[in-house]
Amino acid sequence: MSVALNERAFDIQLKTRAQAMVQAMTFIEPVPLSLTSREADIVRLVAADLCNKQIADRLQISEWTVGTHMRRIFAKLGVRSRAAMVFRAMSLMEGRQLV
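Residues numbered from 1 in each chain as written. Predicted model: local features only at pLDDT ≥ 70, side-chain atom pairs only at ≥ 80, totals over all residues. Heavy atoms only, no water.

(A) Inspection of the overall build of the chain at higher detail. A count of helical and extended segments in the chain gives 5 helices and 0 strands. Across the chain, helices and strands are ordered from the amino to the carboxyl terminus as α-α-α-α-α. Per-residue burial over the chain gives 26% buried out of 99 residues. Across the chain, every contact between residues at least 6 apart in sequence was considered, and the portion connecting residues at least 24 apart equals 57%. For the chain, the computed accessible surface area is about 7,400 Å², with 59% contributed by carbon and sulfur atoms. (Helix = DSSP H or I, 4+ residues; strand = E, 2+ residues; numbered from the N terminus. Buried < 20%, exposed > 50% of the residue type's maximum accessible area, 1.4 Å probe, protein only. Contact = heavy atoms within 4.5 Å. Areas by Shrake-Rupley, 256 points an atom, 1.4 Å probe, with all protein chains shown as cover.)

(B) Structural context of the nonpolar core. Formed by 19 residues in total, the largest nonpolar core has its most connected members in I42, V46, I55, M70, I73, L77 and M85. Of all the elements, helix α4 (residues 63–77) adds the most residues to this core, at 5 residues. Here I73 is in contact with L35, E39, I42, V43 and M85, once residues within four sequence places are set aside. (Core = buried A, V, L, I, M, F, W, Y, C linked by side-chain atoms within 4.5 Å.)

(C) Molecular detail of the environment of W64. Position of W64 among the secondary structure elements: in helix α4. A relative accessible area of 65% means that W64 is categorised as exposed. Once the C-alpha coordinates of W64 and K53 are considered, the two residues, 11 residues apart in sequence, prove to be 9.3 Å apart.

(D) Just the pattern of salt bridges, in detail. The full count for this structure, using the stated rule, is 3 salt bridges. A salt bridge links R44 to D41, with the shortest nitrogen-to-oxygen separation between them at 3.4 Å. Of this pair, R44 and D41 both sit in helix α2 (residues 37–47), separated by 3 residues, roughly a single helical turn. Among the residues examined, R44 registers a relative accessible area of 38% and is labelled partly exposed. For the salt bridge of D57 with K53, the shortest nitrogen-to-oxygen distance reads 3.6 Å. With D57 and K53 both in helix α3 (residues 52–59) and 4 residues apart, the pair spans about one turn of that helix. Judged by its relative accessible area of 51%, D57 falls in the exposed class. Taking the relative accessible area as the measure of exposure, K53 reaches 44% and is therefore partly exposed. (Salt bridge = Lys/Arg side-chain N within 4 Å of Asp/Glu carboxyl O.)

Note that every value here comes from positions in space, so none of it alone points to a role or purpose.
In structure tokens, the structure reads:
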């Protein structure tokens, strides 16, 4: 019987902690999105499913420069893939401009 009571107390404590964490998360300020206008252009072109070469041609820059911008965008957004970059950038800019 005491084991069941201890498990119930643990479940209640865990649920209370989880609720407190969720409430605390609602008060966290959103991360400011600080992409340059060129980085924002690149995000939009990646979202349009263009490869680095196509982006370079469209923006009249080198593929190497596109790659440099991509690495900086990945670092700023804390992502590791093109899909994650687009998802994160779009979710952060809901209701806001990229720059």
